[in-house]
Amino acid sequence: MVPVIAGMGTSFKGAFLYYCHDKDALTDARVAWTETLNLMADTAEKAWRFMAYTAQSHDRLKQAACVKNTGRKLEKPVFTYSLSWHPEQSPTRREMMQAAKESLKRLGLEEHQTLIACHHDEPQPHIHMIVNRVHPLTGIAAKLSRSKRKLSDFARLFQRREGTDYCPAREDNHRKRQRGQQTKHGDPVIVKAWEASQNGRDFMTALQTEGYQLAQGNKRLVVVDRYGKAINPVRHLPDVKTKHFNARLSDLDLTALPDAATLQAQHKQTEKQKRNAEKQQQEALAEQHAIRLADLQNQHLEERAQLYTSHHTRIEKAKTELADYYGLADQKANIRSLNTKLKKVGFFGKLLGRHKKICSERDNLILTLRDAQTRYHEAISTLEHKRDRDLKILTNRQKQAVKRLKNRLQEQAFPQQSKEQHRHRSYQQSSRGFQL
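Residues numbered from 1 in each chain as written. Predicted model: local features only at pLDDT ≥ 70, side-chain atom pairs only at ≥ 80, totals over all residues. Heavy atoms only, no water.

**Q** I keep staring at the pattern of salt bridges and nothing clicks. Help me out?
**A** If charged atoms from side chains of opposite charge come close, those side chains can pair. Per the counting criterion, the structure on display carries 12 salt bridges. With a shortest N-O distance of 3.5 Å, D121 and R30 are connected by a salt bridge. With D121 in the loop between strand 4 (114-119) and strand 5 (126-132) and R30 in the loop between helix 1 (12-19) and strand 2 (31-37), this residue pair connects regions lying 91 residues apart in the sequence. Neither residue differs from the other here; D121 and R30 are each classed as buried. Across the salt bridge formed by R156 and D153, the nearest N and O atoms sit 3.7 Å from each other. With a gap of 3 residues between them, R156 and D153 both fall in helix 5 (residues 147-162), about one helical turn apart. Assigned by exposure class, R156 and D153 land together as buried. (Salt bridge = Lys/Arg side-chain N within 4 Å of Asp/Glu carboxyl O. Helix = DSSP H or I, 4+ residues; strand = E, 2+ residues; numbered from the N terminus. Buried < 20%, exposed > 50% of the residue type's maximum accessible area, 1.4 Å probe, protein only.)

What follows is the structure, given as structure tokens:
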């Protein structure tokens, strides 16, 4: 995580035209997505107009909130900064938004109107934040003192929580600041190459060893890092002025240096080819994984069918054996026979008590049949309960097997991401509730 403050400005429209469009064009190919916070607007076009109106109405907002309209006149209501991840990382939109909200909270701007634009024109994933310094309810402009230090602390804690170490110099600078020492960020590769060189040729060779290249930029010499990003080397060298830098590189033929834009275009083309190859590989892996999952699911279906068939056979056999054991069919036949006899009993049979005797016999048989049927159903219910329990156990075991297979396939498809997730989980367990 690298936060960079672009500065404060006067025009929300200008910020919108720059960050929500391509450079020097009205196209928006480099914009992956936009998002708004604390705004009743669902598009960037509407968002900047709301923000501009809020800034222009800061006096009325103060009056409505019973805030004294004193102090310096507001000249720069626009505050912009960016959050960048390492080129090896691939944060989701949700993760980017979470980081954006946390950074705003760190700056005390969580209630301010914000327009967020995500770009994909650089090797590193990054978002740009356009924040209205004017509070939408009170009209008070945020002071933003020590913003750079606050964002640095946010990035340090974010990196620690994430379990990554892409910027070890940040921790060193934090310790130096705690000791009261002044700090300045410098790319370790550029700093090391400068310190180890005595002339331009040595400096260029040391850079090339680390995958960096010295190149001609638009206005000055730049260094193109291994990710295709152009860097002004002088900004990363403490106590080194531009004239001293050019003097050391005087032994080089600057006209023979490659063009930075050409190197970046080549790097983008290489990265595009690499992404296409990876995409094809991922598609092939996805097809193989789908086949393996389908095979496992078919195996599970067969296991369930076998288990169900086994229980069904056992239950049907038990039904036959229990029916024979309790003589259910015979008892029902006897009851039907007695009912038939009752219909044939005449007037004299009733007088002689034959009807009452048959009714008594029939009622006793019905009670016996009901008792037998109760025991029969209890036995069958026990077997059915065992069937349902075994099916549930098998289903849970199969779900765990599918989950384990998906995890293994995920590790095969994204081995580096799996390592980062494992490192992140390990850090969370060791931190015992650490929160940013």
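**Q** When you look at the sheet that holds strand 1 (residues 2-9) in this model, what are you seeing that I'm missing?
**A** Note on sheets: strands pair through backbone hydrogen bonds, and any given pair is parallel or antiparallel. Ordered in space as 1-3-5-4-2, the 5 strands form an open sheet in which the pairing is antiparallel. A strand with exactly one partner marks an edge of an open sheet, and here the two such strands are strand 1 and strand 2. Taking the axes of each pair of neighbouring strands and ignoring which way they run, one obtains an average angle of 15° across the sheet. Both strand 3 (residues 78-84) and strand 5 contribute to a ladder of 7 bridges, which runs antiparallel. Paired with V78 across the two strands is N132, which belongs to strand 5. Helix 1 contacts strand 1, strand 2, strand 3, strand 4 and strand 5 of the sheet and is inclined by roughly 170° relative to strand 5. Lying on the sheet, helix 4 (residues 93-107) is in contact with strand 2, strand 3, strand 4 and strand 5; it crosses strand 2 at an angle near 45°. (Pairing = 2+ DSSP bridges. Axes fitted to C-alpha atoms, helices over the stretch in contact; angles between N-to-C directions. Contact = heavy atoms within 4.5 Å.)

**Q** Where do I start with the pairing of strand 6 (residues 213-216) in this structure?
**A** The two faces of a sheet get side chains in turn, since along a regular strand they alternate between them. Here strand 6 pairs with strand 7 (residues 221-224) via 4 bridges, running antiparallel. If you follow Q216 over to strand 7, its bridge partner there is L221. Hairpin connection of strand 6 to strand 7: 4 residues between the antiparallel strands.

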